[in-house]
Each structure stands twice: as C-alpha cells, then as structure tokens.
Amino acid sequence: DAKTTQPNSMESNEEEPVHLPCNHSTISGTDYIHWYRQLPSQGPEYVIHGLTSNVNNRMASLAIAEDRKSSTLILHRATLRDAAVYYCIPNYGGATNKLIFGTGTLLAVQP
Amino acid sequence: ETGVTQSPTHLIKTRGQQVTLRCSSQSGHNTVSWYQQALGQGPQFIFQYYREEENGRGNFPPRFSGLQFPNYSSELNVNALELDDSALYLCASSLAGGATNQPQHFGDGTRLSIL
C-alpha cells in the first residue's frame, strides 16, 4: 500500500531555517509531490509541488531525493506565522488530483 | 482575484436532517473538490466535480451528493445526517480537471455540528 511518513511534530526558532522531512518510498516516476499547510481555523494552503528536480517559490523550497523516495520542505527563515500543520502529499498515480492527506507534521515556532 | 468562498461558516443540525453546503470557486477555476475534516485528522476526499460531472469519488456513502453549476460553483448535499458527520467541510478549486500537477485552492470551510 502507498504510504507517506512524516514526523508528528517539530519545533523551530523564529528566523531560523526549518527542514520538514517526508518519506514516500512507494512513489512512482510520474507522481507529483505536493506540500500543503493548514494554519489554525483555516483551510489548507498550497505551498509547493515538484516532480523530480528541486523547486523554489516565494514561500519555500522543495528538495527531492534522487530516487524520489523522500523529499524535504525547506522554510528558509521561520516566522511565527509559519506555525501550522504541514502535509506532504504524493499523488500516487490517481486518476484525479484528489489529495490524500495524512496527519502531517505540526510545526511549532518559538520567538 | 477572488478566492474560494464557502457558506455558511457554521451550521447546527440534528440527526436525520438534510444539509446543503455551498462553494464558489476561485475565478477561472473549473474544478471543485470537497473534503471532510474530522477534529484532529487530515481532510478526507469526498468527491470532485469537473464541467458539471462527478470526476472521482472517495469512500463516502451515496447520501453524500453534489452538484456543479455552469459558473463552476458547487453544492455538497448530505441526507439523513448522522452524529459522525460532524466535521469541517472544505471546498477546493483548481484548473483542468484531474491534472495531477495543478494545485488546489481551499476555502476556510463550513463547520457542521450534528446534535
């Protein structure tokens, strides 16, 4: 069965970089890797996605391992507003772009 | 650019009743997906609508049904409400049907409580 593994929780200090890991060992070559986050009392928010090579946008960077069995979301300078649950979501070859959420990583940011 | 809006924000119903939740997609988006999020859990996919047709369904019973309108807005209907239906219901819009490289944009949800 397809399985995604993330740490339940992580802590960071404000203005320091944060590396959020994700293992997705059963991913296939055509499955995109998506990251979303959910702040308290809000709907999930798209962060970034990629297929093979590393990706950057204004919010974060996504580093994808060469064998694609793992990826890391990088927040370059954490702020208090980045405290949220972060979900790593590989597509796992579905016919639709439905998102299969796990329990994610709860990121706490200390001032 | 107008984001995804959902109504109502909160709703209280009793067991056995029926409910309709509404979603306006982000401007230009033609695909709407619905998710159910129980307390402390990640969202669970209910179904997706593309060009007014159902385009994929999760593991939810037939009493969960939906519609998409020509302007791409959508409704989620739940009949014969049960206590376990208490949850946050999220709507997300995206482009291009089931294209797996398209990000989804979520509303802030409707909190449904069943008494």
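See the structure above.
The shown structure was predicted, so the numbers you read here are calculated from the model rather than taken from an experiment.

Criteria and thresholds
- Residues numbered from 1 in each chain as written.
- Chains lettered and ligands numbered in written order.
- Predicted model: local features only at pLDDT ≥ 70, side-chain atom pairs only at ≥ 80, totals over all residues.
- Heavy atoms only, no water.
- Helix = DSSP H or I, 4+ residues; strand = E, 2+ residues; numbered from the N terminus.
- Rg over C-alpha atoms; globule rule 2.2 N^0.38 Å.
- Buried < 20%, exposed > 50% of the residue type's maximum accessible area, 1.4 Å probe, protein only.
- Contact = heavy atoms within 4.5 Å.
- Lys, Arg positive; Asp, Glu negative; His and termini not counted.
- Charge placed at Lys NZ, Arg CZ, Asp CG, Glu CD.
- Pairing = 2+ DSSP bridges.
- Disulfide = S-S within 2.5 Å.
- Polar contact = N/O pair within 3.5 Å; in protein donor to acceptor, adjacent residues only side chain to side chain.
- Core = buried A, V, L, I, M, F, W, Y, C linked by side-chain atoms within 4.5 Å.
- Axes fitted to C-alpha atoms, helices over the stretch in contact; angles between N-to-C directions.
- Buried area = accessible area lost by both parts, 1.4 Å probe.
- Salt bridge = Lys/Arg side-chain N within 4 Å of Asp/Glu carboxyl O.

A. Broad picture of the overall build of chain B. Across its full length, chain B holds zero helices and 11 strands. Of the regular secondary structure in chain B, the N- to C-terminal order runs β-β-β-β-β-β-β-β-β-β-β. Since a compact globule built from 115 residues should have a radius of gyration of about 13 Å, the 13 Å found for chain B is in line with a globular shape. Its C-alpha atoms give chain B principal-axis dimensions of roughly 40 × 25 × 25 Å. Residues counted as buried form 48% of the 115 residues belonging to chain B. Partitioning the contacts of chain B with sequence separation of at least 6, the portion at a separation of at least 24 is 55%. The averaged location of the 9 negative side-chain charges in chain B is 6 Å from the averaged location of its 7 positive side-chain charges.

B. Inspection of the sheet that holds strand β2 (residues 18-23) of chain A at higher detail. All names here are of chain A. Strands sit in the order β2-β7-β6-β5 across an open sheet of four strands; the sheet is antiparallel. Where the open sheet ends on each side, the last strands, each with one partner, are β2 and β5 (55-56). Two strands pair when backbone bridges link them, and strand β6 (residues 61-64) and strand β7 (residues 70-75) are joined in this way by four bridges, in the antiparallel orientation. Pairing of I64 across the sheet is with S71, part of β7.

C. The arrangement of the state of the cysteines in detail. Taken as a whole, this structure holds two disulfides over all chains when the rule is applied. Paired by a disulfide, A:C22 and A:C88 hold their sulfur atoms 2.1 Å apart. As the torsion about the S-S bond is roughly -80°, the A:C22-A:C88 disulfide counts as left-handed. Here A:C22, found in strand β2, pairs with A:C88, found in strand β8 (residues 84-90); they are 66 residues apart in sequence, far enough to count as distant. We classify A:C22 as buried; its relative accessible area is 1%. The disulfide that involves B:C23 links it to B:C91, with 1.8 Å between the sulfurs. Taking the torsion about the sulfur-sulfur bond, which here is approximately -60°, the covalent link between B:C23 and B:C91 counts as left-handed. With a gap of 68 residues between them, B:C23 in strand β3 (residues 19-24) and B:C91 in strand β9 (residues 87-94) connect regions that are remote in the sequence. We classify B:C91 as buried; its relative accessible area is 0%.

D. Spotlight on the environment of A:Y46. Position of A:Y46 among the secondary structure elements: in strand β4 (residues 45-50). Once residues lying within four places of it in the same chain are set aside, the contact partners of A:Y46 are A:W35, A:Y36, A:M59, B:P103 and B:Q104. Side chain to side chain, A:Y46 and A:H49 meet in a polar contact 2.6 Å long.

E. Main features of the nonpolar core. Counting 20 residues, the largest nonpolar core has A:W35, A:L73, A:L75 and A:Y86 as its most contacted members. When residues of this core are traced back to their parent elements, those giving at least two are β2, β3 (33-38), β4, β6, β7, β8 and β9 (105-110) of chain A. The contacts of A:L75, once residues within four sequence positions are left out, are A:E16, A:P17, A:V18, A:M59, A:A60, A:D82, A:Y86 and A:L107. B:V19, B:L76, B:L81 and B:I114 belong to the second largest nonpolar core, which has 19 residues in total.

F. Seen up close, the sheet that holds β3(A). Residue and element names in this part refer to chain A. Strand order in the open sheet formed by five strands is β1-β9-β8-β3-β4, and the pairing between neighbours is mixed. The sheet is open, and its two borders are formed by β1 (9-13) and β4, each paired with just one other strand. The average undirected angle you get between the axes of adjacent strands in this sheet is 25°. Of the strand pairs in this sheet, β1 and β9 are connected by five bridges, and their pairing is parallel. Counted as the bridge partner of N13 is Q110 from β9.

G. Examining the interface of chain A and chain B more closely. Between chain A and chain B, the residue contacts involve 19 residues of the former and 23 residues of the latter. For the pair chain A and chain B, the two sides together bury roughly 1700 Å², of which 53% comes from carbon and sulfur. Scanning the region where chain A abuts chain B turns up zero salt bridges. Linking chain A with chain B are five residue pairs in polar contact (both at pLDDT 80 or more), by the criterion used here.

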